[in-house]
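Letter by letter, the chains look like this.
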Amino acid sequence: MFELKSVTKIFNAGTQEEFRALNGVSLSIAEGSFTVILGGNGSGKSTLLNLVAGAFFPDSGRVIMDGNDITRWPEHRRAAHIGRVFQNPFTGTAPDMTVSENFALAARRGRKLGFGLALSRALREQIRSRVSELGLGLEDRLEAQVGTLSGGQRQALTLLMATWQKPRLLLLDEHTAALDPKSSDRLILMTRRIIEREQLTVLMVTHSMQQAIRLGDRLIMLHRGEIASDFQGADKRRLQADELLGMFDELRRGDQLDASAAEMIRELYV
Amino acid sequence: MNLLLGSLTIGFFLSLLALGVYLSFRVYHFADITADGSFPLGAAVAGVMIAAGIHPGLATLAGFGAGLAAGFVTGTIHTRFRVHPLLSGILVMTALYSINLHIMGRSNVPIMGSFTLVNSAEQALARASGRQEYFFMGWEIGMRDLAALGLALALVAACAACLYLFLRTSLGTAMRATGNNAAMVRALGINSSAMITLGLTVSNGLIALSGALMAQYQGFADVQMGIGMIVWGLASVIIGEALVGSNRLGLALAGAIMGSILFRLLVAIALRWGLHPNNLKLITAVFVFAALVLPLAAAKLRKECAARRAPGAGAAG
């Protein structure tokens, strides 16, 4: 129900720093699926996620959601249907506002803002019960300013905020990358629990091979702006870490071969 | 005593300016120079309407509305055309100087004897009490001063309460969040550009309201009366924060009001003690600097005292 049709994104076109981040990528995400996108630096994985989220628009190609062409929809318009957890723990929450106030906004994601009081008693109760499910003791700190919480706590809150209302698509942008191993594991556990309970459709970007293998039912490897491989279902379940590593090496060797082959040709003929 | 009352009254009228600056400066981190233009805009619109015999309540509201429009323009220039925040404010402020001249037809509109809110408050008080002046602790207080103070107090209390409640609604909370983290707000489906424009609109509305009321208090609207007003507003907000020491919403708003009054009082006292009016801006700068630096110095002192009492713990401090 989410489709990318031949999207291309070029940064700094026409200048010396021109960089083709995505090259005609097509991708179809089925309802209820959990797709993991794996890639090294410069592979285009973050660009892909940002294109789906609407942070910027593709140079060519289309983004389609449930049959609607949303290619030109601005970020906040898509956000009514898309939940997002950022890589930076400080991007997902407002630090100078209380936990309750942050959730008051998350609970209204996609709805019109009005002159009604942001935090009713009923909403406060809901916030208390759902935050306590996180198991981090944050339900006792609902009136604390979010800026006083740790990165792991803020990411947990961002995750809950992104899924407070069931989104059509949940985007996870290397959301554990900036956390320590313990917080990272705890957040992954929380992520899996919420995804399974709400039956969410997920698109997750990671550079961790462990996460890529253990999570999701589909693995896409991006390399230099193109899809290098796509494992689904049984194929994905059979994947091992050393296999993936091997594939990564092959891709890099492919790059080097291209470079040295070009060098050789230049020497022979020029 | 008259000096004290006058300063209090002006402090209250200008606290609406402080509230507007709080909104743009503290909530949106936007030093909005439009204030220098929207303050006299409110005065000009209200002044011209009052001089023409229109009811002052309506005229004051019109002044408020004009400020809303000015803020909307600044916000649109910034969000739609991606002009730097400072420049957006400067552009609108500059344009407003000519616009204010056009509205008034000249540089100054006298409304001392006209039907203004302040004059009607004075008459109402005189009628109700049947006296011409009060005596308080041996000081003689004119009806006009008392009435003006009462009016200022009532209006500011009402506006501050409205602003506080508004900032607690979903819309107001979204506005505050936009100034704090625009990226998050967009990811939650809120149009951050619209929120910024809305904030600047409300901010300049309050500032223009302040101008409209000041014009009625001082008896004239003048095209130059906005010069340096953004500095007054910033000084009030900063002094208020130093007083209140918290950035929780209710306290911050109260702090801005208190800062405006205190600042006005300090300046009045300094002038009474023989400060040459030429040095007024210098003293303003010194006060604001002190308000910025003293809280930090006090906190540092407190930490050093605590460290000295518990030697060995953080001895490097």
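Here the structure is a predicted model, which means the values were calculated and not measured.

K.L.:
Which parts of the structure should I look at to understand the sheet that holds strand E8 (residues 202-206) of chain A?
P.N.:
To summarise the sheet geometry, strands pair through backbone hydrogen bonds and adopt either a parallel or an antiparallel arrangement. Residue and element names in this part refer to chain A. Pairing in this open sheet of six strands is mixed, and the strands run E6-E7-E8-E3-E9-E10 from one edge to the other. Of all the strands in the sheet, the pair left with one neighbour each is strand E6 (82-85) and strand E10 (226-232). Mean inter-strand twist for the sheet, computed between neighbouring axes without regard to direction, equals 15°. Of the pairings in the sheet, the one linking strand E3 (residues 34-39) to strand E9 (residues 218-223) comprises five bridges and is parallel in character. Residue pairing in the sheet places Thr35 in a bridge with Arg218 of E9. Where helix H5 (residues 151-163) meets the sheet, its contacts fall on E6 and strand E7 (169-173), and the angle it forms with E6 comes to roughly 175°.

K.L.:
Is there a simple way to explain the interface of chain B and chain A in this structure?
P.N.:
Accessible area lost when the parts come together is the quantity often used to give the size of an interface. Each side of the interface is counted separately: chain B has 20 residues, and chain A has 25 residues. When contributions to the side of chain B that touches chain A are tallied by element, the ones reaching two or more residues are helix H7 (170-180) and helix H8 (182-187) of chain B.

K.L.:
Help me understand the packing of helix H3 (residues 99-106) of chain A against H7 of chain B in this model?
P.N.:
Packed helices, taken two at a time, are described by the angle between their axes plus the distance between the axes. It is at 10 Å that the axes of H3 of chain A and H7 of chain B come closest, and there the two elements cross at 110°. In terms of orientation, H3 of chain A lies roughly perpendicular with respect to H7 of chain B. Crossing angle aside, the handedness with which H3 of chain A passes H7 of chain B is left-handed. Contact with H3 of chain A, carried on its side by Glu101, Ala104 and Leu105 of chain A, involves Ser170, Thr173, Ala174 and Ala177 of chain B of H7 of chain B and no other residues of that element. When the residues that make up the contact of H3 of chain A with H7 of chain B are grouped by side-chain class, the tally is four nonpolar, two polar and one charged.

K.L.:
Please explain the sheet that holds strand E5 (residues 68-69) of chain A as it appears in this structure.
P.N.:
Residues and elements named next belong to chain A. Taking strand neighbours across the sheet as the criterion, the four strands line up as E2-E1-E4-E5 in an open arrangement whose pairing is antiparallel. This sheet does not close on itself; its edge strands, each paired only once, are strand E2 (19-29) and E5. Relative to E2, strand E1 (residues 2-11) is paired through seven bridges, and the arrangement is antiparallel. The residue of E2 that forms the bridge with Lys9 is Leu22.

K.L.:
Sorry if this is basic, but what is going on with unusual backbone geometry here?
P.N.:
A negative phi holds for most residues other than glycine; trans holds for most peptide bonds. Its identity is not glycine, yet Ser6 of chain A carries a phi of approximately 50°, on the positive side. Structurally, the position occupied by Ser6 of chain A is in strand E1. We classify Ser6 of chain A as partly exposed; it has 14 C-beta atoms within 10 Å. The backbone of Arg82 of chain B sits at a positive phi, close to 55°, despite the residue not being glycine. Locating Arg82 of chain B in the fold gives a position in the loop between helix H3 (56-81) and helix H4 (85-104).

K.L.:
How should I be thinking about the pairing of E7 of chain A in this particular structure?
P.N.:
Sheet faces and side chains relate simply in a regular strand, where the side chains alternate between the two faces. All names here are of chain A. For E7, the buried fraction is high: five of the five residues fall into the buried class. The side-chain alternation of E7 yields two buried faces, one formed by Leu169, Leu171 and Asp173 and the other by Leu170 and Leu172. Sheet analysis places E6 next to E7, joined by four bridges and oriented parallel. If you follow Ile82 over to E7, its bridge partner there is Leu169. In terms of handedness, the path from E7 via helix H6 (residues 181-198) over to E8 forms a crossover that is right-handed.

K.L.:
Looking at this structure, how should I read the nonpolar core?
P.N.:
When a protein is soluble and globular, its nonpolar side chains tend to lie buried together. All names here are of chain B. Membership of the largest hydrophobic core comes to 158 residues, with the highest contact counts inside it found for Leu17, Leu19 and Tyr22. Among the elements that line this core, the one with the most residues is helix H9 (residues 192-218), at 14 residues. Sequence-distant contacts of Leu19, defined by excluding residues within four places in its chain, comprise Cys159, Ala160, Leu163, Leu206, Leu253 and Ala256.

K.L.:
Honestly, H6 of chain A in this entry has me stumped. Any pointers?
P.N.:
Residues that lie three or four places apart on an α-helix share one face, since the helix turns once every 3.6 residues. Residues and elements named next belong to chain A. Spanning 18 residues, H6 covers 26 Å between terminal C-alpha atoms, matching the ideal 26 Å at 1.5 Å per step. Looking only at H6, the buried set comprises Leu187, Ile188, Thr191 and Ile195. Take H6 and look down its axis: the buried residues cluster within an arc of 105°, on one side only. Facing away from the buried side of H6 by over 90 degrees, the exposed positions are Lys182, Asp185, Leu189, Glu196 and Arg197. Tucked inside the fold, the buried residues of H6 contact E3, H5, E7, E8 and helix H7 (209-214). Backbone geometry just after H6 places Gln199 at a positive phi near 55°.

Calculation notes
- Residues numbered from 1 in each chain as written.
- Chains lettered and ligands numbered in written order.
- Predicted model: local features only at pLDDT ≥ 70, side-chain atom pairs only at ≥ 80, totals over all residues.
- Pairing = 2+ DSSP bridges.
- Helix = DSSP H or I, 4+ residues; strand = E, 2+ residues; numbered from the N terminus.
- Axes fitted to C-alpha atoms, helices over the stretch in contact; angles between N-to-C directions.
- Contact = placed C-beta atoms within 7 Å.
- Parallel < 35°, antiparallel > 145°, perpendicular 65-115°, else oblique.
- Left-handed = near helix turned anticlockwise from the far one by under 90°.
- Nonpolar A, V, L, I, M, F, W, Y, C, P; charged D, E, K, R; others polar.
- Buried ≥ 20, exposed ≤ 12 C-beta atoms within 10 Å, placed from the backbone.
- Right-handed = clockwise from strand over helix to strand, strands pointing away.
- Core = buried A, V, L, I, M, F, W, Y, C linked by C-beta atoms within 7 Å.
- Expected span 1.5 Å × (residues − 1).
- Arc of directions from axis to C-beta.

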